[in-house]
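As a plain string of letters, each chain reads:
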Amino acid sequence: MYKILTFNQIAVVGLERFPRDRFEIASEFASPDAILLRSHKLAAEEISPSVKAIGRAGAGTNNIPVGHCTERGIPVFNSPGANANAVKELVIAGLSLGSRGILPGIEYVKSLGDMQDGAELSKLLEKEKKRFKGNELSGKTLGIVGLGAIGSMIARAALDLGMSVIGYDPALSVDAAWRLPSSVQRMENISSLFARADYITLHLPVLDSTRGLVNADLLANCKPSACLLNFAREEIVDVAAVESALDSGKLRQFITDFPTPNLIARTGGDVILMPHIGASTDEAEDNCAVMASEQLVDFLENGNIRNS
Ligand code: MLT
């Protein structure tokens, strides 16, 4: 029997991919054959000598000591693309939050308490609602940094919204290039993308080359009306540089899926923080769990290494 050690709650539909007659799954095992996790930050010491493979029900592998695994010859399987649609949908919601007075409008309506008089309410709204006026996304330019599974889905959705799309990817694979709609204009470098875009969305993994990539120099190129979205990894953005760009009027808004400590207390609407929920849908959790589990089964039983 193969023993699969789980560190997080993994969607049942994924766990069902392990044939019960040949696999045992538990959150405690002395000598597991493989580890399956979602967001648990795995320490090297938690990988016992018996571990032959690690599966991550998610796209990023930054919560796994990949260097250590490589040295020990342990393959790490992630779930590329399995939650891309969920992230895309949240980014589109982020674009809407960045262009329309949705959040202040909702807060305003809440502040009306239990007002009962319909006529009085209409009169009040007529006077107040100009405060919540926004702009349309249609006709604006979206800059996508990172044109992999998520970036290319966002490109298609943004084109459907009537946006122009420009993109930059420092390591575009041939497959990803084929997936990209032909009307996406590829930029030579990230600075020219930052200079041209009204909205900029980041979809890169965290690597030595991307940590702190969005820094003061890059932000100095932005249109002052630009809105930056980070639904990728917190470490890609130099948050102090973002704060000072917002303070000095070099950037209009920052919307991120990371509840960054220094920014939580900031008021005034130029920052919107979400609690890392890009991949938090039933569908994405199912897809990721299925992909990671199938890869582990295929590796442990057949020795196959695949990434899909
Ligand atoms: C990912 O890497 O795909 C996300 O961080 C998934 C998650 O939220 O667990």
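- Within an unreviewed UniProt entry, the label attached to the chain reads D-3-phosphoglycerate dehydrogenase, and the organism entered is Spongiibacter pelagi.
- Looking at the Function (unreviewed entry) heading of the UniProt record, one finds this comment for the chain: "Catalyzes the reversible oxidation of 3-phospho-D-glycerate to 3-phosphonooxypyruvate, the first step of the phosphorylated L-serine biosynthesis pathway. Also catalyzes the reversible oxidation of 2-hydroxyglutarate to 2-oxoglutarate."
- If you open the UniProt record of the chain and go to Sequence similarities (unreviewed entry), you find "Belongs to the D-isomer specific 2-hydroxyacid dehydrogenase family."

Focus on helix α6 (residues 149-160)
Step number 1: Taking 1.5 Å as the rise per residue, α6 with twelve residues should run 16 Å; its terminal C-alpha atoms sit 17 Å apart, in good agreement.
Step number 2: When α6 is considered as a whole, its buried residues turn out to be Ala-149, Ile-150, Gly-151, Ser-152, Met-153, Ile-154, Ala-155 and Ala-158.
Step number 3: Positive phi shows up at Gly-162, right after α6, with a value of about 90°.

Some remarks on the sheet that holds strand β2 (residues 23-26)
In a beta sheet, neighbouring strands pair by backbone hydrogen bonds and run either parallel or antiparallel.
Step number 1: With parallel pairing, the five strands of this open sheet are ordered in space as β2-β1-β3-β4-β5. Where the open sheet ends on each side, the last strands, each with one partner, are β2 and β5 (76-77).
Step number 2: Two elements, strand β3 (residues 34-37) and strand β4 (residues 53-56), share four bridges in a ladder whose sense is parallel. Of the residues in β4, the one forming a bridge with Ile-35 is Ile-54.
Step number 3: Together, β1 (2-6), β3, β4 and β5 form the strand contacts of helix α12 (residues 282-302), whose direction differs from that of β4 by roughly 165°.

Description of the nonpolar core
Nonpolar side chains in soluble globular proteins tend to be buried together.
Step number 1: Within the largest apolar cluster, 77 residues are counted, with the highest numbers of intra-cluster contacts made by Leu-36, Leu-229, Val-242 and Leu-251.
Step number 2: In terms of residues, this core owes the most to one element, α12, which gives eight residues.
Step number 3: Taken together, domain 1 (2-82 + 282-302) and domain 2 (85-100 + 135-273) each give at least three residues to this core, which thus spans both.
Step number 4: The contact partners of Leu-251, leaving out residues within four places of it in the chain, are Leu-219, Cys-222, Ala-226, Leu-228, Val-242, Ala-245 and Leu-246.

Some words on the pairing of strand β10 (residues 227-230)
Step number 1: Alternating positions in β10 separate into two faces, Cys-227 and Leu-229 on one and Leu-228 and Asn-230 on the other, with burial throughout.
Step number 2: Note that strand β9 (residues 199-202) and β10 share four bridges and pair parallel. In the sheet register, Leu-202 faces β10, and the bridge partner there is Asn-230.
Step number 3: In the sheet, β10 pairs with strand β11 (residues 253-256) via four bridges, with the strands oriented parallel. When the bridges of β11 are listed, Cys-227 appears paired with Gln-253.

Concerning the site of the ligand
Step number 1: Close to the ligand lie Arg-38, Ser-39, Gly-58, Ala-59, Gly-60, Asn-83, His-276 and Ala-279, which account for all nearby residues.
Step number 2: Taken together, the residues of the shell around the ligand break down into two nonpolar, five polar and one charged.

Remarks on the pairing of β11
Step number 1: On the question of chirality, the crossover connecting β10 to the parallel β11 by way of helix α10 (residues 239-247) is right-handed.
Step number 2: Bridging between β11 and strand β12 (residues 271-273) involves three bridges; their strand directions are parallel. When the sheet's bridge partners are listed, Phe-254 is paired in β12 with Val-271.

Some words on the environment of Val-145
Step number 1: Topologically, Val-145 is positioned in strand β6 (residues 141-145).
Step number 2: Accessibility expressed as a C-beta count within 10 Å gives 28 for Val-145, which makes it buried.
Step number 3: Remark: the alpha-carbon pair of Val-145 and Leu-193, spanning 48 residues in sequence, is separated by 8.2 Å.
Step number 4: Leaving out residues up to four positions away in the same chain, Val-145 has contacts with Tyr-168, Ile-190, Leu-193, Ile-200, Leu-202, His-203 and Leu-204.

Each value, and the rule that gives it
Residues numbered from 1 in each chain as written. Predicted model: local features only at pLDDT ≥ 70, side-chain atom pairs only at ≥ 80, totals over all residues. UniProt positions renumbered as here; feature names shortened; annotations may be inferred. Helix = DSSP H or I, 4+ residues; strand = E, 2+ residues; numbered from the N terminus. Expected span 1.5 Å × (residues − 1). Buried ≥ 20, exposed ≤ 12 C-beta atoms within 10 Å, placed from the backbone. Pairing = 2+ DSSP bridges. Contact = placed C-beta atoms within 7 Å. Axes fitted to C-alpha atoms, helices over the stretch in contact; angles between N-to-C directions. Core = buried A, V, L, I, M, F, W, Y, C linked by C-beta atoms within 7 Å. Domains from an automatic or database assignment. Near = placed C-beta within 6 Å. Nonpolar A, V, L, I, M, F, W, Y, C, P; charged D, E, K, R; others polar. Right-handed = clockwise from strand over helix to strand, strands pointing away.

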